[in-house]
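Chain by chain, the residues:
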Amino acid sequence: MCGILGVVATTAVNQLLYDGLQVLQHRGQDAAGIATTEGGRFLMHKGSGLVRDVFRTRNMRNLQGNWGIGHVRYPTAGSAYNAAEAQPFYVNSPFGLMLAHNGNLTNSEELKREMFLADLRHINTNSDSEVLLNVLAHELQAASNGCKLDENAIFQAVAAVHRRCRGAYAAVVMIAGYGLLAFRDPYGIRPLVIGRNDAPGGTEWIVSSESVAVDALGFKLLRDVEPGEAVVIDMEGNFRSRACAESTVHAPCMFEYVYLARPDSLIDGVSVYEARLKMGEYLAAKFRRVMPHVEIDVVIPIPDSSRPAALEMANQLGVPYREGFVKNRYIGRTFIMPGQAVRRKSVRQKLNTIHQEFKGKRVLLVDDSIVRGTTSQEIVNMARDAGATKVYFASAAPPVRHANVYGIDMPTRAELIGADRDESEICAAIGADGLLYQDLDDLRASVRAINPSIQYFETSCFDGKYVTGDVTADYLHGIENRRGSAPVTVEDADGGPAANQLDLNLASDTSD
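This next bit is on helix H6 (residues 151-164). Between its first and last C-alpha, H6 extends 20 Å over 14 residues, near the 20 Å set by a 1.5 Å rise per residue. With respect to burial, H6 is a largely interior element, ten of its 14 residues being buried. Taken together, the buried positions of H6 are Ala153, Ile154, Phe155, Ala157, Val158, Ala159, Ala160, Val161, His162 and Arg164. Where H6 is buried, its residues meet helix H4 (108-117), helix H5 (128-143), strand S7 (167-175), strand S8 (179-184), strand S12 (229-234) and strand S13 (239-243). Among the residues of H6, the N-terminal cap falls to Asp150, whose side-chain oxygen and the backbone nitrogen of Asn152 are separated by 3.2 Å.

Structural data, given as structure tokens:
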């Protein structure tokens, strides 16, 4: 999971990109980067850390020009602490390209070999995003007529990318001397939306991972980039789009609606907030069905993602909804923190209880999901320490049992509490008096209730079914082995510090 942003404006774009990345900060906290262009030169600054820490006034001053791209990184491939793998990535031929990518390629190793042996290109990092950039660069060179580039050649190159690349990818690309390119994989797994603004100087465009950046920057949401579609916006603000994939299946990632996206986002025509309310409605119905004799005094959410589901669950059950945890907003999201020990230590730094909401009460805690179980176990203990007589736990998502290979850091089953445990064993492991999981069919229905046209979802972390059809047992074994964890079975496959900042002025003149 990363956040990407591209803007073509009529005035200086650096502040727009900075503000947009701050709105997308929830999608990645490991690194941030911005690239702009002016006078035929690419200007870039990127580094490890949050947006506010990576960019200083002097950096922003150097990011001149009226169009550019930005990225916030959440590592799923490569190293979490390697500043060289912060994005955007640059390649100088053909034309000069800058790319920011959200997702994960499942055939990146194969593509690396092809790049070296057939395309004569060198990949300098372990990032699959650099692989994607070089595939695009090679196909642009093959499609262009010498030094001449037009939109047909660009769309032809993206079509070739779709033929060669597997997995999940939403990307924004700067093409020197031409404009901004954005495209989405043929399954539409990772989100990408388009916004427009009619400014005094002309039409301005934005492409973003989520609609919140469109709203925050004063643009109007136009639509989503369709699966397999490419969008080209030239430097004069002319907009072109084309379906480039031979075949498409719209299967957005379910975890975006459960946890990853902000509740005020619209993704593929679905209000994330409304979908989470529906999750609470379905979860309440299941609670009444499978726990009819359980009495609770209060429903308390685990902030922040679970609030809508918990609120609607309380409404449906006729039980008071209360805030029982106060969140330290200066601690990062524990789900995307690298390392189990770091996540465990951070839970009590991140949350503190309001004791009077727990003391002497039978409490139903609601969370969006249970992934590794570290946070859930600590939270149950905190509720008991605050005086709860009974602690029940409800998850708005089904058990996470399988690796996610499409851009979410759940690559090994050894890290997942639900991988080899049934629900009663998970309940015992987190120390709850009862545990309730959402049914997968109900989760699908929650989102489909908002947009009935979505027929398929990417739900591999719940059911082990990988929509791209190319994820094999060997691939999953390779992921496990690279992370030094126990390998999965064949059956499973079927079912940063500021000192690391890098400032690049990609022009011969590097003076301030």
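Moving on from the coordinates now.
Turning our eyes to something else, we now look at the layout of surface pockets. Estimated volume of the second largest pocket: approximately 270 Å³. Of all the elements in the fold, those that place two or more residues in the lining of the second largest pocket are H6 and S7. Among the elements that make up the lining of the second largest pocket, the one with the highest residue count is H6 (three residues). Taken together, the residues of the lining of the second largest pocket sort by class into eight nonpolar, five polar and four charged.

With that settled, the discussion passes to the packing of aromatic side chains. Considering all chains together, one arrives at eight aromatic pairs under this definition. Plain terms: the ring middles of Tyr18 and Phe55 are 6.2 Å apart, the flat faces sit at 85° to each other, and that makes the pair edge-to-face. Note that Tyr18 is positioned in helix H1 (residues 14-23) and Phe55 in the loop between helix H2 (51-54) and helix H3 (57-62), a separation of 37 residues in sequence. The two residues Tyr18 and Phe55 agree in class, both being buried. Measuring from centroid to centroid gives 5.9 Å for Phe42 and Tyr90, while their planes differ by 85°, and the two rings are edge-to-face. With Phe42 in strand S3 (residues 41-48) and Tyr90 in strand S5 (residues 89-91), this pair connects stretches of sequence that are 48 residues apart. On the basis of relative accessible area, Phe42 is assigned to the buried category, the value being 5%.

About the thresholds
Residues numbered from 1 in each chain as written. Predicted model: local features only at pLDDT ≥ 70, side-chain atom pairs only at ≥ 80, totals over all residues. Heavy atoms only, no water. Helix = DSSP H or I, 4+ residues; strand = E, 2+ residues; numbered from the N terminus. Expected span 1.5 Å × (residues − 1). Buried < 20%, exposed > 50% of the residue type's maximum accessible area, 1.4 Å probe, protein only. Contact = heavy atoms within 4.5 Å. Polar contact = N/O pair within 3.5 Å; in protein donor to acceptor, adjacent residues only side chain to side chain. 1 Å grid on protein atoms, 1.4 Å probe; cavity = no way out; pocket = protein on both sides within 12 Å on 5 of 7 lines; lining within 4 Å. Points joined across faces, edges and corners; volume = space filled by probe spheres on them. Nonpolar A, V, L, I, M, F, W, Y, C, P; charged D, E, K, R; others polar. Phe/Tyr/Trp six-rings, centres within 6.5 Å; stacked < 30°, edge-to-face > 60°.

In short, the description is geometric, and any link to function would need to be established separately.
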